[in-house]
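The primary structure of each chain is shown beneath.
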Amino acid sequence: MVSAMWGGEWQIRWLDEVDSTNTSVRDQARQGAAEGLVVVADQQTAGRGRLDRTWESPPGANLLASVLLRPQCEAADVHLCTEAVALAAADACREVTGVEPVLKWPNDLLVGGRKLAGVLAEAEFSGGTLVAVIVGIGINVAWPGPDGAGGTCLDDVGATAQPVDRRVLLERMLGALGARRALLDDASGRRVLADEARRRCATLGQVIRVVLPGEELTGLAAAIDDEGRLVVETASGPRRVTAGDVVHLRPG
Ligand code: BT5
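These lines cover the structure that appears in this document, whether it is placed above or below. Just so it is clear, the structure is predicted and the values come from calculations on it, not from any experiment.

Side note on the side chain of N62
For step 1, the next point in the chain: By secondary structure assignment, the location of N62 is in the loop between β3 (37–44) and β4 (63–69).
For step 2, the next point in the chain: For N62, the side chain forms a polar contact with the side chain of S57, separated by 3.1 Å.
For step 3, the next point in the chain: A distance of 3.2 Å separates the side chain of N62 from the backbone nitrogen of W143, its partner in a polar contact.
For step 4, the next point in the chain: Setting aside anything within four residues of it in sequence, one finds N62 in contact with S57, I139, N140, V141, A142, W143 and R166.

Quick look at the environment of L109
For step 1, the next point in the chain: Turning to its location among the elements, L109 is positioned in strand β6 (residues 108–111).
For step 2, the next point in the chain: Here L109 falls in the buried class, since its relative accessible area comes to 0%.
For step 3, the next point in the chain: In the structure, L109 is positioned 29 residues away from G138 in sequence and 10.0 Å away in space, judged by C-alpha atoms.
For step 4, the next point in the chain: Every residue in contact with L109, bar those within four places of it in the chain, is listed here: A86, A89, A90, P101, V102, L103, R114, K115, L116 and A117.

Quick notes on the packing of aromatic side chains
For step 1, the next point in the chain: Going through the model one piece at a time under the given rule, you end up with zero aromatic pairs.
For step 2, the next point in the chain: Stacked on the ring of W14, the Lys or Arg R167 has its end atom at 4.0 Å from the ring centre.

Some thoughts on the site of the ligand
For step 1, the next point in the chain: Every one of the 30 residues lining the ligand counts as a neighbour, but S20, R48, R53, K115 and N140 are closest to it.
For step 2, the next point in the chain: Between an oxygen atom of the ligand and a side-chain N or O atom of N107, the distance comes to 3.3 Å.
For step 3, the next point in the chain: Between an oxygen atom of the ligand and a side-chain N or O atom of K115, the distance comes to 2.7 Å.
For step 4, the next point in the chain: Isolated, the ligand exposes 800 Å² of accessible area, and the fraction of that covered by the protein chains is 91%.
For step 5, the next point in the chain: Cavity membership is defined here by more than half of the atoms lying within 2 Å of grid points; on that basis the ligand lies in the largest pocket.

Things to note about the side chain of Q28
For step 1, the next point in the chain: With respect to the helices, strands and loops of the structure, Q28 is situated in helix α1 (residues 21–30).
For step 2, the next point in the chain: The exposure class of Q28 is buried, given its relative accessible area of 18%.
For step 3, the next point in the chain: Not counting chain neighbours up to four residues away, the residues in contact with Q28 comprise R13, A33, L37 and V39.

What counts, and at which threshold
- Numbers given for residues are sequential positions, taken from 1 along each chain in its written order.
- A pLDDT threshold of at least 70 governs which residues receive local features in this predicted model, and a stricter bar of 80 or more applies before side-chain atom pairs are shown or counted, although totals over entire chains, interfaces and linings include all residues.
- With hydrogens and water excluded, all non-hydrogen atoms of the structure serve as input to the side-chain values.
- Runs of H or I in DSSP of at least four residues are treated as helices and runs of E of at least two as strands, each being numbered from the N terminus.
- Two N or O atoms form a polar contact when they lie within 3.5 Å of each other; inside protein one atom must be a possible hydrogen donor and the other a possible acceptor, and for residues adjacent in sequence the pair counts only when both atoms belong to side chains.
- Between two residues, a contact is recorded if the distance between any of their heavy atoms is within 4.5 Å.
- The cut-offs for exposure are 20% and 50% of the maximum accessible area for each residue type, with area from a 1.4 Å probe on protein chains only; residues under the lower value are buried, those over the upper are exposed, and the others partly exposed.
- Classification of ring pairs rests on two measures: the distance between centres of Phe, Tyr or Trp rings, Trp counted by its six-membered ring, which must be within 6.5 Å, and the angle between planes, read as stacked under 30 degrees, edge-to-face over 60 and tilted in between.
- Over a ring means this: the NZ of a Lys or the CZ of an Arg is within 6 Å of the ring centre and within 35 degrees of the ring normal.
- A molecule or strand has a residue near it when one of that residue's heavy atoms lies within 4 Å.
- For accessible areas, the Shrake-Rupley method is used with a probe of radius 1.4 Å. Any residue's cover is judged against the shown protein chains and nothing else.
- Points on a 1 Å grid, built from protein atoms alone, make a cavity when a 1.4 Å probe fits but cannot get out and make a pocket when they are open with protein on both sides within 12 Å along at least 5 of 7 lines; residues with an atom within 4 Å of a point are the lining residues.
- Put plainly, a molecule is in a cavity or pocket when over half of its atoms are within 2 Å of the grid points there.

As far as function goes, none of this settles anything; it's purely spatial.
Printed below as a string of structure tokens:
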């Protein structure tokens, strides 16, 4: 399946089964695959979350997809690839179901406080230069995630009685991502993207508890800085938290 994007094309490969769509796209990126490659799978045998966690989904239930981007930006901007995909996915969910998820820093989409989707961005470098970003997303369509994980799915929250068609959801997401893709290539575009992500991020303004390796912080989520770090106003002053360090982020 091929569909239009920002001037190139999305090259969509829909597989029955794969270990992880992110791993598949990463391997193809290392062999020189062009930007726009999209791998989708009905089932992952080793779906990955952050920090070596697993992403679970029964065969055919949810949308599991990874996109290859080759933006003209620096390592410090990679978080904006996460934001671009999260915003595009939120738009697609709204268009298809009438329900708009909010962003939860650093990599979730929530509906009613429950996790609808998670994003996993992985960067590839060559001689210190950023050459590719693989952005994977799992959107719960018909299965809300494992017991106890606090998840939800589109078929349970959508305003329409019809089950959501994963292909339509993917098309809408890629359309919305294609519309934002060029923003990643220059500083003014990146500011536009970062501002939109801040506006749609439900974490800001909340009192939160952040679990870091060996440490916990409680405070007000006051801002997201230009490098994608969350600024937490704690009793002992402001702390900047890097996405990669966060084990859990919960209401405070
Ligand atoms: C994420 O990690 O939220 C990123 C998930 C990215 C998954 C996509 S699927 C396509 C692509 N290929 C991959 O291999 N990965 C990407 P994290 O914030 O670490 O959340 C993981 C945690 O969410 C797990 O430890 C579980 O507690 C929970 N979880 C697992 N499956 C879930 C699901 N379907 N819905 C809700 N929560 C889930």
